[in-house]
Amino acid sequence: MSNMESAAPGDKEWFGHPRGLFTLFMTEMWERFSYYGGRALLVLFMTAAVSEGGLGFDAKTAGAIYALYAGSVYLLALWGGWVADRLMGQQNAVFYGGILIAAGNFVIAIPAALSFYIGLVFIIVGTGLLKPNVSAIVGDLYKNDSGARRDAGFSIFYMGINIGAFIAPLISGTVGETTTWRLGFATAGTAMVLGLIQYQWTRSSLGDAGAKPDDRSDAERARGWKMFWASIAAVIIAVVVSSLGYIPLDVDFMAKTVGAIIMGLAVYFFLYVLVLGGLDTVEKKRIGVIAIFVVAIAIFWGGFEQAATTFNLFARDYTDRSFLGGLFDSGIHPATWYQSINPVFIIVLSPGFAWFWVWLAQRNLEPSTPAKFALGLIQLGLGFSVIMFAAKLAIDSTVAPTWLLLTYLLHTTGELCISPIGLSAVTKLSPHRYVGQMMGTWFMAAGFGNVVAGLIGGHAGSVGVEELSGVFMDMTMFGVGAGVFLFLLSKPIHNWMSGVE
């Protein structure tokens, strides 16, 4: 073995960064390809007629299943982090999670009645293992570097997410809509297999980052494995019993239950930290600010994530898709293509937003973090106002794609005002001993938002086009109203941040 091959991972560089970043960049890119490929197809597949290869569900049922699926993915991320920390280490959690994700997509591709639900469970558990731990390994690669190089590394990693999210609907979506739905899911599974191959091939570049679980006694580890297998057995039993019809399934109730569990866990954790966390007054105020931000981001994702439900159905049913339609037998391009718009806008606009905040800061004009959150919510509401007018026009005929493009643009600029800003704020505001757990509540808010998006999307898809503009009007008022309310409170909230900015 050469000296280079035996060097520590930190000594190997990829464009000035640890070589392991390339491994994780590619793994996350393929995993996000798999996730967003399936996400683009999910509601369309469920609501397509059985004669067209779909499941023939009504929009309300499809929205509830999506809510249950997306909410569970985020909820199990907490479990996945626990498994990695206590039992198998993050590297193994990523690998086994990827295997389950690939298997889940291939199971959905099997034309059998139960394969859809079993496949979704595989993907939920696999994503719960992979998603939180691949990010944790990135952080471990930079454990001795807390400066700009670390921030740049996460920015590169985030770009991999958006590249995967951009490509997936164009490939999996096109295959699913133009050949068979189930073959589209198979392409998502294939993407995850490619990610696993390169992960194992280049895994040595990760070195010890995330390789081992925390040090625990043999007794603690044995108890942990018992809990792990008990949880897996409970999931298998629940799926089998439900599939055989012994327990009647009400997916709407189950989705709402998942949302309530997520909300309850977040409320419990914040109350525990505030009352029993041993914090001083300044720290308690900062925790209060994080709680406000968590509520705001939950509202934002509840609207933004309707891209997979409400906007997906709007693209299919009410949008003129004749552009490039000559490439397809149907004469129209796939509705799933519109799922690629947001990641394109993110890739194009992110550098400009980063520069713009710095430019404003140099002139003492940069808005405070609460004000940026308010701007994000207002833009979310304005995006719904655009699609509201499009829905009115759709009563008479299909509408131009530009309506959806403008809606996605406003939602993306809103995302850039709230999502990366919020991630940074949580890490700065959290007491050091609670940083990881506070990040957990941040992602739980995203899970709650996905549940809300699924339920609202199911409702929006079940009403006639004449009523759709009213639904979008309600969302406009709620988004803008929440943003204005937060903007009015931005100064006292900023004061509670107590010198962080």
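Above this text sits the structure in question.
Described below are features of the structure shown in this document. As the structure is a prediction and not an experimental result, all values here were calculated from the model. (Residues numbered from 1 in each chain as written. Predicted model: local features only at pLDDT ≥ 70, side-chain atom pairs only at ≥ 80, totals over all residues. Heavy atoms only, no water.)

Considering the environment of W225
Turning to step 1, where the next piece is worked out: Locating W225 in the fold gives a position in helix 7 (residues 218-243).
Turning to step 2, where the next piece is worked out: When neighbours within four sequence positions are excluded, W225 is seen to be in contact with L87 and M88. (Helix = DSSP H or I, 4+ residues; strand = E, 2+ residues; numbered from the N terminus. Contact = heavy atoms within 4.5 Å.)

Let's talk about empty space enclosed by the protein
Turning to step 1, where the next piece is worked out: Enumeration over the complete set of coordinates arrives at 1 cavity of 30 Å³ or more.
Turning to step 2, where the next piece is worked out: For the largest cavity, the calculated volume is near 80 Å³.
Turning to step 3, where the next piece is worked out: In terms of lining residues, the largest cavity is bounded by 13 residues, among which Y35, G38, Y69, N105 and I123 are the most central.
Turning to step 4, where the next piece is worked out: Counting only elements with at least two residues in the lining of the largest cavity, the list comes to helix 2 (20-47), helix 3 (59-108) and helix 4 (115-141).
Turning to step 5, where the next piece is worked out: Among the elements that take part in the lining of the largest cavity, helix 2 stands out by supplying 6 residues, more than any other. (1 Å grid on protein atoms, 1.4 Å probe; cavity = no way out; pocket = protein on both sides within 12 Å on 5 of 7 lines; lining within 4 Å. Points joined across faces, edges and corners; volume = space filled by probe spheres on them.)

Notes on the packing of aromatic side chains
Turning to step 1, where the next piece is worked out: A full pass over the atoms with the stated rule returns 30 aromatic pairs.
Turning to step 2, where the next piece is worked out: Residues F314 and F472 carry aromatic rings whose centres are separated by 6.4 Å and whose planes lie at 70° to one another, so their mutual orientation is edge-to-face. Here F314 is found in helix 10 (residues 310-318), whereas its partner F472 is found in helix 15 (residues 465-488), with 158 residues between them in sequence. The same class applies to F314 as to F472, namely buried.
Turning to step 3, where the next piece is worked out: Judged by centre distance (6.3 Å) and plane angle (15°), the ring pair of F356 and W359 falls under stacked. (Phe/Tyr/Trp six-rings, centres within 6.5 Å; stacked < 30°, edge-to-face > 60°. Buried < 20%, exposed > 50% of the residue type's maximum accessible area, 1.4 Å probe, protein only.)

Thoughts on the nonpolar core
Turning to step 1, where the next piece is worked out: Core analysis: the biggest nonpolar cluster contains 89 residues, and Y69, F293, F314, M438 and F472 have the highest contact counts within it.
Turning to step 2, where the next piece is worked out: What F314 contacts, discounting residues up to four positions off in sequence, is T319, I387, A390, A391, V399, L404, L468 and F472.
Turning to step 3, where the next piece is worked out: The next biggest cluster of nonpolar side chains, apart from the first, holds 19 residues, and it includes L24, I101, F157 and I161. (Core = buried A, V, L, I, M, F, W, Y, C linked by side-chain atoms within 4.5 Å.)

Here we look at a nonpolar patch on the surface
Turning to step 1, where the next piece is worked out: Residues F166, L170, I171, V344 and V348 make up a contiguous nonpolar surface patch of about 370 Å² in total accessible area.
Turning to step 2, where the next piece is worked out: Only helix 5 (148-178) and helix 11 (341-362) provide two or more residues apiece to the nonpolar patch.
Turning to step 3, where the next piece is worked out: If you tally residues by element for the nonpolar patch, the top one is helix 5, at 3 residues.
Turning to step 4, where the next piece is worked out: Judged by its relative accessible area of 31%, F166 falls in the partly exposed class. (Patch = residues over 30% accessible without salt bridge, like charges linked within 9 Å, V, L, I, M, F, W, Y side chains within 5 Å. Areas by Shrake-Rupley, 256 points an atom, 1.4 Å probe, with all protein chains shown as cover. Salt bridge = Lys/Arg side-chain N within 4 Å of Asp/Glu carboxyl O.)

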